[in-house]
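# Report on the structure
Take a look at the letters that make up each chain.
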Amino acid sequence: MSHENEPHDILLPLTEVCKILARSKASIYRDIKAGRFPAPQKLGGSSRWRRSIIMQVVDGNYRV
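Calculation notes
Numbering of residues starts from 1 in each chain and follows the order in which that chain's sequence is written. This being a predicted model, a pLDDT of at least 70 is required before a residue's local features are given, and a value of 80 or more before pairs of side-chain atoms are given or counted; all residues contribute to the totals for chains, interfaces and linings. Excluding hydrogens and water, the side-chain values take into account all heavy atoms of the structure. A helix here means a DSSP run of H or I that spans at least four residues, while a strand means a run of E at least two residues long, and both kinds are numbered starting from the N terminus. Only protein chains enter the accessibility calculation, which uses a 1.4 Å probe; a residue whose area is less than 20% of its type maximum is buried, one above 50% is exposed, and one in between is partly exposed. By the convention used here, residues are in contact when the closest approach between their heavy atoms is within 4.5 Å. Every accessible area reported is derived by Shrake-Rupley at a probe size of 1.4 Å, with residue values counting cover from the shown protein chains alone. Residues belong to one nonpolar core when they are buried, are Ala, Val, Leu, Ile, Met, Phe, Trp, Tyr or Cys, and are joined through side-chain atoms within 4.5 Å. Note on pairing: two strands pair once DSSP finds at least 2 bridges between them.

Across its full length, the chain holds 3 helices and 3 strands. The order of helices and strands in the chain, counted from the N terminus, is β-α-α-β-β-α. Within the span of the chain, comprising 64 residues, buried residues form 27% of the whole. Expressed as a percentage of contacts within the chain between residues at least 6 apart in sequence, the contacts between residues at least 24 apart total 52%. Approximately 4400 Å² of the chain is accessible, and the part contributed by carbon and sulfur atoms is 50%.

Right, dumping it as structure tokens:
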């Protein structure tokens, strides 16, 4: 799956990450704690993930 024509530098909130990956918030945070998922960037009191990293997860190319 190619994502070349999509912006890669935007920050996604957890709700969008959950939609893209079809996963729950709890499963994502469980995998972060276990070291199997990229940790978020903190922006104020919010957690955000770079879209480019989430697309690597989708494509199966991300390694923690």
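Structure shown, so let's carry the discussion forward.
Within soluble globular proteins, side chains that are nonpolar tend to cluster in buried spots. The biggest cluster of nonpolar side chains holds 11 residues, and these are Leu12, Leu14, Val17, Cys18, Leu21, Ile28, Ile32, Phe37, Trp49, Ile54 and Met55. Those elements that provide at least two residues to this core are helix H1 (14–21), helix H2 (25–33) and helix H3 (51–59). Considering each element in turn, this core owes the most residues, 4 residues, to H1. Those residues within four positions of Ile28 in sequence are excluded, and the remaining contacts are Leu14, Val17, Cys18, Arg23, Phe37 and Trp49.

Quick look at the pairing of strand E3 (residues 46–50) now. Side chains Ser47 and Trp49 project from E3 onto a buried face, and the interleaved Ser46, Arg48 and Arg50 project onto a face without burial. Pairing geometry for strand E1 (residues 11–13) and E3, over 3 bridges, is antiparallel. Looking at E3, one finds that Leu11 is bridged to Arg50. Linking strand E2 (residues 41–43) back to E3 in an antiparallel pair, the connection comprises 2 residues, with Gly44 at a positive phi of about 65°.

In short, the description is geometric, and any link to function would need to be established separately.
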